[in-house]
Amino acid sequence: MTRCRTLIQIQMALLAAVLTAGTACARADSASLALKGNDHGTPACAACHGAQGEGRAVSGFPRLAGLNAGYLQTQLAAFAGGQRVSAMMTPIARTMTQTEWQEMARYYAWLPNLAGASKSTSTLAKTAPPDTDSAGAKLALQGRWSHALPACVQCHGSMGVGVGSVFPALAGQSAVYLQNQLQAWQQGTRAAGPLGLMKVIADKLSAEDIQYVAAYFAALPVSLHPKAEP
Ligand code: HEC
Ligand code: HEC
């Protein structure tokens, strides 16, 4: 009986060791693809999205760190499938396998938890919260009911932190990138997305609305929720 229990304990310990090693290996492979690219034509994501997935705001390269894994994976599939058109991302997503989409999505969702990464991603957060009386804030927090335009935060979560795999975080995202997306829906180069929700909303926004609301969300602090292990 005792011997049996010891054996079980040894087995459990071995299993735990194998699982830990497996996770560590998966993470090392993901880090390698993100930082160096692979041998079948995928460039390093870090070249544009930054070493810690923080993005490059002025160039409109979005922050990926801390976004929901399910959302990121859906976007890679949409680039590859042509539902979402991007001169840069469409060819890159097509060089990747479906497993690599999944690995990269999990890696970036989890990245802010890396020691050191959270410090540098949080530097994206601006110190002063944006003015809640500004035109951008009003649209984000109240919407415009005369045009049946709901408040952005109703779907994107309070402070734009994102909700699940459907409603991406907007807080701390590049303003240029946010504007590009709203214009992409207006121009039909990004598919309407779940339930066609964002195309309807984008079509109700003027050029000024887009500029103000993008500036508002870009200035909100990046949320750093603890994420599941990849
Ligand atoms: C040459 C620059 C470049 C490289 C390299 C690159 N990206 Fe991108 N990525 C972009 C740009 C630009 C966009 C925004 C496209 C748009 O405006 O729709 C983007 C958008 C994305 C998005 C959508 C984000 C969102 O919030 O919807 C994902 C996911 C993504 N990239 C993942 C990756 C991954 C994973 C890699 C590496 C395998 C990678 N990218 C490499 C430039 C790049
Ligand atoms: C009724 C729900 C709903 C409301 C209200 C809403 N959104 Fe969205 N939004 C979505 C969904 C769903 C997506 C994901 C679309 C996809 O997967 O392609 C999205 C995506 C986005 C994106 C793309 C983010 C990225 O990482 O690529 C931007 C930008 C955006 N919304 C801005 C806004 C703004 C600004 C408002 C307010 C004027 C707003 N949204 C209101 C549902 C909503």
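A short tour of the structure in this document, coming up.

Rules and cut-offs
- Each residue is numbered by its place in its chain's sequence as written, counting from 1.
- Going through the entries in the order they are written, you letter the chains from A and number the ligands from 1.
- Reporting in this predicted model follows two pLDDT cut-offs: at least 70 for local features of residues, and 80 or more for side-chain atom pairs to be given and counted; totals over whole chains, interfaces and linings ignore these cut-offs and use all residues.
- Hydrogens and waters are ignored; side-chain quantities use all the structure's heavy atoms.
- Counted as coordinating are nitrogen, oxygen and sulfur atoms within 2.8 Å of the metal, or 3.2 Å for Na, K and Ca, while water is not included, which may make sites look incomplete.
- Angle rules define the geometry names used: all angles between 85 and 135 degrees makes four donors tetrahedral, while opposite donors over 155 degrees apart and all other angles between 65 and 115 make four donors square planar and six octahedral, leaving every other case irregular.
- Secondary structure elements follow DSSP: runs of H or I no shorter than four residues count as helices, runs of E no shorter than two count as strands, and numbering proceeds from the N terminus.
- Residue proximity to a molecule or strand is established when one non-hydrogen atom of the residue lies within 4 Å of it.
- Under the rule applied, a polar contact is a pair of N or O atoms within 3.5 Å (in protein, one hydrogen donor and one hydrogen acceptor; residues adjacent in sequence only if both atoms are side-chain atoms).
- Each residue after the first adds 1.5 Å to the expected span of a helix.
- Only heavy atoms matter for contacts: two residues are in contact if any of them lie within 4.5 Å across the pair.
- Here, a salt bridge means any side-chain nitrogen of Lys or Arg that lies within 4 Å of a carboxyl oxygen of Asp or Glu.
- Exposed residues in this analysis have more than 50% of their type's maximum accessible area, buried residues have under 20%, and partly exposed residues fall in between, with area computed by a 1.4 Å probe over protein chains only.
- Axis geometry follows a simple rule: fit a line to the C-alpha atoms, using only the stretch in contact for helices, then measure angles between N-to-C directions, giving values from 0 to 180 degrees.
- Angles below 35 degrees are treated as roughly parallel, those above 145 as roughly antiparallel, those between 65 and 115 as roughly perpendicular, and all remaining angles as oblique.
- Amino acids outside the nonpolar list (Ala, Val, Leu, Ile, Met, Phe, Trp, Tyr, Cys, Pro) and the charged list (Asp, Glu, Lys, Arg) are all regarded as polar, and Gly is one of them.
- Left-handed describes a crossing whose near helix is turned anticlockwise from the far helix through less than a right angle; right-handed describes the clockwise counterpart.

Okay, the coordination of the iron atom of ligand 2 next. In the first shell of the iron atom of ligand 2, the protein supplies His156 (NE2) and Met198 (SD), at 2.1 to 2.2 Å from the metal. Around the iron atom of ligand 2, the six donor atoms are arranged such that angles at the metal cover 84 to 178°; this shape is classified as octahedral. Taken together, the residues span a long stretch of sequence, with His156 in helix 8 (residues 152-156) and Met198 in helix 10 (residues 197-203) at a distance of 42 residues.

What follows deals with the site of ligand 2. Close to ligand 2 lie 23 residues; Cys152, Cys155, His156, Tyr177 and Met198 are nearest. Here a nitrogen atom of ligand 2 and a side-chain polar atom of His156 are 2.8 Å apart. Here Arg190 contributes a side-chain N or O atom positioned 2.8 Å from an oxygen atom of ligand 2. Going through the elements one at a time, helix 3 (69-81), helix 8, helix 9 (175-187) and helix 10 are the ones with two or more residues in the shell around ligand 2.

Moving on: helix 11 (residues 207-218). The periodicity of an α-helix, 3.6 residues per turn, causes residues three or four places apart in sequence to face the same way. Helix length check: helix 11 (twelve residues) gives 17 Å between terminal C-alpha atoms against 16 Å at 1.5 Å per residue, within 8%. Its buried side turned inward, helix 11 meets helix 7 (135-142), helix 8 and helix 9.

This part takes up the pattern of salt bridges. Evaluated as defined, the whole model comprises two salt bridges. Among the salt bridges present, the one from Arg144 reaches Asp209, with a minimum N-O distance of 2.9 Å. Of this pair, Arg144 sits in the loop between helix 7 and helix 8 while Asp209 sits in helix 11, and the two are 65 residues apart along the sequence. According to the relative accessible area criterion, Arg144 is partly exposed, its value standing at 24%. Residue Asp209 is classed as buried on the basis of its relative accessible area of 12%.

Time to look at the packing of helix 7 against helix 11. At their nearest, the axes of helix 7 and helix 11 sit 7 Å apart, and the two run at 80° to each other. If you check the angle between helix 7 and helix 11, you find them roughly perpendicular. For the pair helix 7 and helix 11, the contacting residues are Ala135, Gly136, Ala137, Leu139, Ala140 and Leu141 in the first and Asp209, Tyr212, Val213, Tyr216 and Phe217 in the second. The residue makeup of the contact of helix 7 with helix 11, split by class, is nine nonpolar, one polar and one charged.

Once that is clear, we can look at the environment of Asp131. Structurally, Asp131 can be placed in the loop between helix 6 (117-122) and helix 7. The class for Asp131 is partly exposed, based on a relative accessible area of 48%. Contact partners of Asp131, with chain neighbours within four places excluded, come to Ala137 and Tyr216. A polar atom in the side chain of Asp131 sits 2.9 Å from the backbone nitrogen of Asp133.

Between its terminal C-alpha atoms helix 5 (residues 98-110) stretches 19 Å, which fits the 18 Å expected from 13 residues at 1.5 Å a residue. Among the residues making up helix 5, those that are buried are Glu100, Trp101, Met104, Ala105, Tyr107, Tyr108, Ala109 and Trp110.

A few words on the coordination of the iron atom of ligand 1. Around the iron atom of ligand 1, the donor atoms from the protein are His49 (NE2) and Met89 (SD), and they sit 2.0 to 2.2 Å away. One can describe the site at the iron atom of ligand 1 as octahedral: its six donor atoms subtend angles covering 84 to 178° at the metal. Placement of His49 in helix 2 (residues 46-49) and of Met89 in helix 4 (residues 89-95) is noted, with a sequence separation of 40 residues between them. Each member of the pair His49 and Met89 is classed as buried.

On to the packing of helix 9 against helix 11, then. Two quantities define a packed helix pair, namely the angle between the helix axes and the distance between the axes. Interhelical geometry of helix 9 versus helix 11 gives an angle of 140° and a closest axis separation of 8 Å. When the interaxial angle is binned, helix 9 and helix 11 end up oblique. The hand of the helix 9/helix 11 crossing is right-handed. From helix 9, Ala175, Leu178, Gln179, Leu182, Gln183 and Gln186 reach across to helix 11, where they touch Ile210, Gln211, Val213, Ala214, Ala215, Phe217 and Ala218. Its residues assigned to classes, the contact of helix 9 with helix 11 comprises nine nonpolar, four polar and no charged.

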